[in-house]
Each structure stands twice: as C-alpha cells, then as structure tokens.
Amino acid sequence: SIHSPLSNADEPPQNINHSMSLPPSFSSLPIDIVVEILARVPKRSHPILSCVSKNFSRLVRSPEIHKIRSLLRKDSLFICFLGITGAQWFTLRRAENNNPTTEKNRFVSIDLAFPSQTEQERCVVAIGPEIFFICGSFNPSSTMWILDSRTGTFRQGLSSRAERLCRSVGVVGSKVYVIGIYRDADEMHVESFDTKTQTWELAPVPEDQGWWWSWAPTVSLNRKVCALRVSGNARCYDPRDGSCESLGLPSKDKWLCRTGACVMNNVLYVYYARFGLMWYDYEMRLWRVVSGLSHLKKVRSVAMAEYYGKLAFLWEDVEVGVSGKTKEVWCRMIALERSERGVHGIAEASQLLGSVLRGYILHHCLSVSD
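Residues numbered from 1 in each chain as written. Predicted model: local features only at pLDDT ≥ 70, side-chain atom pairs only at ≥ 80, totals over all residues. Heavy atoms only, no water.

Looking at an unreviewed UniProt entry, one finds the protein chain named F-box domain-containing protein, with Brassica campestris as its source organism.

Okay, here's the thing in structure tokens:
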C-alpha cells in the first residue's frame, strides 16, 4: 500500500485473518511473523509463492505486505523523459522519514550515463532490481546493456545471436523476449534472454507476422507478450508455441502515442483521455471502464506502473497559452478493487512531483524492486 507508513516500524499488521491455514513449514509461526518474512522475499519470486497455496497467493497481494515493503523501501519507479539531446531519468521513492503526516514520494533526478551514444534505446524492460536496454530500435544491433538500479551502474550483457531491429520487448517469468527482424530478413523472429542462465535462445516464430511496433509499453498478460498498436489493437504473442491473438482496443485514435498501459494481478489497464482508465475483462473478451474515477483530469501524456500494490498514474501538465521552458509532472496513486461488478478505483490526492523541459516526452515508467 502507498498509505503513510506505520509510526512504529515494529508494529505488526492489524488486518490479517489469523485463521488462515498455511503450509506445514509455517504452521508453527504466528501469521504476523509469516507476513514479515514474505515481505522480505524479492518481489520477482511472488508468482512462485502464489503457487504454493491459495493463502500464500492472498498474502503476497495483501495491503499488509505492501505496507511492510513500503517501510523497508523495497520498491521504486524509474521514469524516463526522452528528448532530442538525450534522456533524463528520475526515480520515485518513499521519503526518508517515518512521519505519517508528512510522508510523500520523492521525485529525484538521477544521472544515468548510457554507455551507447548511437541511439536512445526504446526497447527497455525491468526484472527485479535490473533494467535491460535492448539495442536495435533504429539500427540493427545485437547489444544489450543492463542497469543495476541499486548501484546505478551499467554492465554489458551477452550479445544476442545476430543483429536485428527490435520491435517489441516483454517479460514472461525470468525471460526477456525480443520480437524483431534480423538484418536482410523479412520474417519476424523472437529471441529470449534467460536472466537465470544468462543465455540467449530462439523462441517460436509468431504466426502473425504483422507490424509489432508498440505505441505503449509492451506488457505481459497470461504469460503472453502483448504489444499495443497504433492501429487500435493489442497483439499478444505466446512464446510457448508462437500463437497470437488480438485484443481489440476501445479506441482507434492514432494520436495516443503516449498512452499508459500496465498489468496488475494479471489484469490489463489502459488509459484513454476520451474514456478514462479502462481494464480488459479477459473472460468476457471486452473492455470496461474502471468505476469511481470520473473526477480524474483528462490528460494526454500518461505513464503507469504498479507501486506498492497501487497504480502509479503519472502525467505531464502543460497549460495552454502559457509560455515557458518547463512543464509540470504530476502523480496520483490509485487503489484498484475488483469484484463481481467490475473494477473500482480509489484515487489519492494528486502530487506535484517536479518539472522537466518542454521538449522532453514521458517515455518509460518502470517498476523495480529488491
């Protein structure tokens, strides 16, 4: 949760159902201790924990887990604004004090000297505390750089099998999937980088060979890589067999190049200035509006990411007719509650994070965690 932290860091969570049954290995431990332990498990391992039991699945998604992780400052957002002269990066982190009345998120500019000076990479994803920069957005390349968000240092990863143009990149489990075109080839190919074994391997060729350039962050849904297309469609690729499916987006507006997209608890959320925040009902195969957010300001340049169990909703604000060299960057945290009736959103107050030069465009918003 992004609520203000507890005044006493040692105070146990109060809202956990103490009657929950747990696996035998934890049966002798108080539930409060179990939650304290699980909160310290790397977030990238939560999907594995969710498979242990239904109770574990509930616990790793509970507000208590997020509250403890917030106290420990386990998670942060890395936000990139891209301009003609380069990229400007910021982090969004919990403040360094534990005062519940003044606790806010800190928007801090950071200096990331990207090793490659030939292009500003657009194919970027995060796994755990590491951010992967896949080169080849504009010129064929086999290079990959990896940023350790904890130290701010880059290292060069293993080169891919051959130079290719990167069209979309997504994460499924511990693997980074790169959909692209090899030099002097017409057919789409997919390579996967296994972050555990640090090796590249070929993945099944997509049966749909259409254009895979995404106008929003590529997301992972139901263990598939989904790219949101300018033509008003979302194309999802299954790395297990190469099959593809389409999720018809609710708008065919081609001027939504900076619309946000995010997956939380295996639910895809997409923002449209025309409709508001929407979610995809996978069972019904239709798009629905998140209720309770009619008061949100309609904006165009948006980025979204999960942050301590809530949706971090960021946008740029440029007042029409007002001259100046900078524009404001704002954020709202939105709690999302799903029920049989749909998804209901509860938005916290807007927070002015800071300002950037007008020539810079909000481009990446990546959730990283220890």
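Enquirer: In this structure, what is going on with the overall build of the protein chain? I would like to understand it.
Expert: Of regular secondary structure, the protein chain possesses four helices and 25 strands. The proportion of buried residues among the 370 residues of the protein chain is 52%. Sequence separation of 24 or more characterises 52% of the internal contacts of the protein chain that already satisfy a separation of 6 or more. Accessible surface, the protein chain as shown: approximately 17,600 Å² in total, 50% of it carbon and sulfur. (Helix = DSSP H or I, 4+ residues; strand = E, 2+ residues; numbered from the N terminus. Buried < 20%, exposed > 50% of the residue type's maximum accessible area, 1.4 Å probe, protein only. Contact = heavy atoms within 4.5 Å. Areas by Shrake-Rupley, 256 points an atom, 1.4 Å probe, with all protein chains shown as cover.)

Enquirer: Would you mind showing me how to read the packing of aromatic side chains here?
Expert: By convention here, two paired aromatic rings are described through the distance between centres and the angle between planes. Throughout the structure, instances matching the rule amount to 15 aromatic pairs. Between Y272 and F275, the aromatic rings sit 6.1 Å apart at their centres with planes inclined by 75°, giving edge-to-face as the arrangement. Here Y272 falls in the buried class, since its relative accessible area comes to 2%. Counting every residue linked through ring pairs, the aromatic cluster contains W89, F114, F133 and F154. (Phe/Tyr/Trp six-rings, centres within 6.5 Å; stacked < 30°, edge-to-face > 60°.)

Enquirer: What's the story with the sheet that holds strand β3 (residues 105–110) in this structure? I'm lost.
Expert: Whether parallel or antiparallel, the strands of a sheet pair through hydrogen bonds between backbone atoms. Ordered in space as β3-β2-β1-β25, the four strands form an open sheet in which the pairing is antiparallel. Looking at strand neighbours, the two that pair on one side only are β3 and β25 (361–369), the edges of this open sheet. Each adjacent strand pair in this sheet contributes to an overall mean axis angle of 25°, direction not counted. (Pairing = 2+ DSSP bridges. Axes fitted to C-alpha atoms, helices over the stretch in contact; angles between N-to-C directions.)

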